[in-house]
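Breakdown of the fold
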Amino acid sequence: MAEPRPGLALRFQRRFLAARPLCSLPWPELEQSLRTAPDSALLADILHKTILHPLCVKYPPSAKYRRCFLTELIKKLESTAAEPLDELYEALADVLKEEEESTHCYKNYLLPSGECVSLCESTALISGGTTGLLTWEAALHLAQWALQNPGLFRDRTILELGSGIGFTGIAICKTCQPGTFIFSDCHPRVLRQLRENIQLNGFIPEPDVTCSTQTESQGQEVEGQNCQNPKVIVAELDWGSVTEKQLLGLRADVVIAADVVYDPEIILALIGMLQKLSTSRADRKAPEVFIASTIRNPDTYQLFQAELDKAGIRWQVIPAHSSCNFLYDVQPDVTILQLFI
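None of these values were measured; they are calculated from a predicted model.

So, how was this worked out
- Residues numbered from 1 in each chain as written.
- Predicted model: local features only at pLDDT ≥ 70, side-chain atom pairs only at ≥ 80, totals over all residues.
- Heavy atoms only, no water.
- Buried < 20%, exposed > 50% of the residue type's maximum accessible area, 1.4 Å probe, protein only.
- Helix = DSSP H or I, 4+ residues; strand = E, 2+ residues; numbered from the N terminus.
- Pairing = 2+ DSSP bridges.
- Polar contact = N/O pair within 3.5 Å; in protein donor to acceptor, adjacent residues only side chain to side chain.
- Salt bridge = Lys/Arg side-chain N within 4 Å of Asp/Glu carboxyl O.
- Arc of directions from axis to C-beta.
- Contact = heavy atoms within 4.5 Å.
- Phe/Tyr/Trp six-rings, centres within 6.5 Å; stacked < 30°, edge-to-face > 60°.
- Lys NZ or Arg CZ within 6 Å of the ring centre and 35° of its normal.

1. Things to note about the pairing of strand 2 (residues 116–122)
Within strand 2, seven of the seven residues are buried, which leaves the element mostly enclosed by the surrounding structure. Across the two faces of strand 2 the burial is the same, with Cys116, Ser118, Cys120 and Ser122 and Val117, Leu119 and Glu121 all buried. Hairpin connection between strand 1 (residues 104–110) and strand 2: a loop of five residues separates the two successive antiparallel strands, and Gly114 in this loop has a positive phi of roughly 95 degrees.

Given below as structure tokens:
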């Protein structure tokens, strides 16, 4: 059953702090409210829940995003008979004074639990030769599903493939109580930003780990060695070169990934790595595997499913969740597959 919609100012807040596309903010409802009761108090409430919110002050979205948002708010104010709101114009003046646009900005994702995931992200789709420096739709969708299924992660060792800058894993660490969470990626710049974001959210990663040095003993908690819960590891993991022995050392109970199915070559490397995971479990139960994908190119996604079938890896589609209660704009083209390796 869908959850009740929050107040208008709170919906602006959630989407603004996460720097969601401005067109997805509830402007039509704001216009309707102002037509019904032209009162600048509603705009003042929105301003304080967005631009003047402590999270925005500490970890601001890009200056361009804030400038466009304030310009739109001022347009709504000036289209009504409401009293002028000096705070709005002062806030815009402050943003206009800022220095030249940075290549990075912050996004703050408010979770249903009341926790917040704050991330430093690239303002460009491709930066430093990688697309891994920003949060993609499937990561949001996978996190939402995880938050609705915390029992799957509680007290278990989770391996995330292609963690990027860390949204899904940090959200799970903050709300689902995993025993150990292993973030992984292979791009040096992504790994550096990932570690920074993990620390930004109050977690301290274990000393640097590459899968060439990870051993079975490292996958086990040593009593008294680390009182942090969960234990957080950042691993450099190359799907093509990782060995079965190295994967066994990670001792994963659950494997997750988001937006990793977008290129035929990557698909083959991913499936090869999943096959290694399947044969490397020794006497352990095979990990449960969940992969979330935004279906941008149906042919590529069908190739992924065909290659899974060819490799003998069974799969099933996880039903979509009924509500997306921290973003309120579910993307219908995101699918989660459970794989049986």
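2. Thoughts on helix 8 (residues 167–175)
By the criterion of burial, helix 8 is predominantly enclosed, with eight of the nine residues buried. By the burial criterion, the buried members of helix 8 are Phe167, Thr168, Gly169, Ile170, Ala171, Ile172, Cys173 and Lys174. Just past helix 8, the residue Gln177 takes up positive phi, approximately 55 degrees.

3. Considerations on the side chain of Ser184
By the secondary structure assignment, Ser184 is in strand 4 (residues 180–185). Exposure remark for Ser184: the relative accessible area of 0% places this residue in the buried category. Polar side-chain contacts of Ser184 include one of 2.6 Å to the backbone oxygen of Glu160.

4. A look at the pattern of salt bridges
For the structure on display, the rule yields eleven salt bridges. Measuring nitrogen to oxygen at the nearest pair gives 3.4 Å for the salt bridge that ties Lys310 to Glu307. Of this pair, Lys310 and Glu307 both sit in helix 12 (residues 298–310), three residues apart, which is roughly one turn of the helix. Residue classification places Lys310 among the exposed residues on the basis of a relative accessible area of 66%. What emerges from the salt-bridge pattern is a single network uniting Glu31, Glu72 and Lys76.

5. Topic: helix 6 (residues 86–96)
Among the residues of helix 6, those classed as buried are Leu88, Ala91, Leu92 and Val95. In an axial view of helix 6, the angular spread of the buried residues amounts to 100 degrees, which keeps them on one side of the axis. Summarising the contacts, the buried residues of helix 6 are in contact with helix 3 (40–49) and helix 5 (63–78).

6. A word on unusual backbone geometry
At Arg251, a residue that is not glycine, the phi angle is positive and equals roughly 55 degrees. Along the chain, Arg251 turns up in the loop between helix 10 (244–250) and strand 7 (254–258).

7. Comments concerning the packing of aromatic side chains
Taken as a whole, this structure holds eleven aromatic pairs when the rule is applied. With a centroid separation of 5.6 Å and 40 degrees between ring planes, the pair formed by Phe16 and Tyr65 is classed as tilted. Residue Phe16 is located in helix 1 (residues 8–17), and its partner Tyr65 is located in helix 5; the two are separated by 49 residues in the primary sequence. Both residues of the pair, Phe16 and Tyr65, count as buried. Ring centres of Tyr59 and Tyr106 lie 5.1 Å apart, and the angle between their planes is 45 degrees; on these two criteria the pair is classed as tilted. Of this pair, Tyr59 sits in the loop between helix 4 (54–58) and helix 5 while Tyr106 sits in strand 1, and the two are 47 residues apart along the sequence. We classify Tyr106 as partly exposed; its relative accessible area is 25%. Aromatic ring contacts, followed pair by pair, group Phe12, Phe16, Trp27, Tyr65 and Phe69 into a single cluster. Seen from the ring of Phe340, Arg314 lies directly overhead, with NZ or CZ sitting 4.6 Å from the centre.

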